[in-house]
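Each chain is listed here by its residues.
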Amino acid sequence: MSKMTLKTEGDRHVMVTRRFAASPEAVYRAHTEPRQIEKWLLGPDGWTMPVCVSEARPGGKIRCEWTDGKGAGFHLTGEYLELVPFRRIVHVERMHLSDPTPDNRVETMFHPDGTGTLMTMRMTLPDNETRAAMLATGMEHGMEASYVRLETMI
């Protein structure tokens, strides 16, 4: 099984790559269809996503709400900017912890890779301070836990 890699680029970018043993079509759908997203994009074990809105079209809204079942939770809002089915998604997202974070522009590419898919995600933050704060959350652990869940689903 592949592991996610996370690297910084310049002052404002984060690059995430991961290989999945599934077709680009399956990985793309898992990133855009609400009924799939709510099953895998959960972060660490014990969290659930009771609300998932994913209007996968330019201008479509995104809203995900997570809870740990013990009173803790947060949500994300955003909008889709561009979609090229099975190849590319561009969206803007903001996390709502206590206050909303600045916009994070996310471009996700799905490349055929042998019998699987190489997913490449490039996040663009407004500045180095925002990127540092985002990375300080330990987000890579929740991301990889979610990707492991996705891998078993598809």
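Above this text you will find the structure in question.
Predicted, not measured: the structure shown is a model, and the values here were computed from it. (Residues numbered from 1 in each chain as written. Predicted model: local features only at pLDDT ≥ 70, side-chain atom pairs only at ≥ 80, totals over all residues. Heavy atoms only, no water.)

Caption draft 1: Highlighting unusual backbone geometry. Residue F86 is not a glycine yet carries a positive backbone phi of 70°. Summarising the element assignment, F86 is placed in the loop between β5 (73-84) and β6 (88-96). (Helix = DSSP H or I, 4+ residues; strand = E, 2+ residues; numbered from the N terminus.)

Caption draft 2: The sheet that holds β5, seen in detail. Judged by pairing direction, the sheet is antiparallel, and its 8 strands sit side by side in the order β1-β2-β8-β7-β6-β5-β4-β3 without closing on themselves. One side of each edge strand has no neighbouring strand; the edge strands of this open sheet are β1 (5-9) and β3 (48-54). With strand direction ignored, the average angle separating the axes of adjacent strands in the sheet is 20°. Note: β1 against strand β2 (residues 13-20), 5 bridges, orientation antiparallel. If you follow L6 over to β2, its bridge partner there is V16. On the sheet, helix α4 (residues 139-153) packs against β1, β2 and β8 (116-124) and is oriented at approximately 25° with respect to β2. (Pairing = 2+ DSSP bridges. Axes fitted to C-alpha atoms, helices over the stretch in contact; angles between N-to-C directions. Contact = heavy atoms within 4.5 Å.)

Caption draft 3: Layout of α4. With 15 residues, α4 extends 21 Å between its outermost C-alpha atoms, agreeing within 8% with the 21 Å of an ideal straight helix rising 1.5 Å per residue. Residues of α4 that are buried: M139, G142, M143, E144, S146, Y147, R149, L150 and E151. Along its buried surface, α4 packs onto β1, β2, α1 (24-32), α2 (34-40), β8 and α3 (128-135). (Expected span 1.5 Å × (residues − 1). Buried < 20%, exposed > 50% of the residue type's maximum accessible area, 1.4 Å probe, protein only.)

Caption draft 4: Region of the structure containing the pairing of β5. Examined bridge by bridge, strand β4 (residues 61-67) and β5 share 7 bridges and lie antiparallel to one another. Considered in β5, the bridge of I62 is made with G78. Between β4 and β5, which follow one another and run antiparallel, lie 5 residues, and G69 among them has a positive phi close to 80°. Direction of pairing for β5 relative to β6: antiparallel, over a ladder of 9 bridges. Looking across to β6, one finds that L76 is bridged to M95. With antiparallel pairing between neighbouring strands as the criterion, β5 and β6 make up a hairpin whose turn holds 3 residues, including F86 at a positive phi of roughly 70°.

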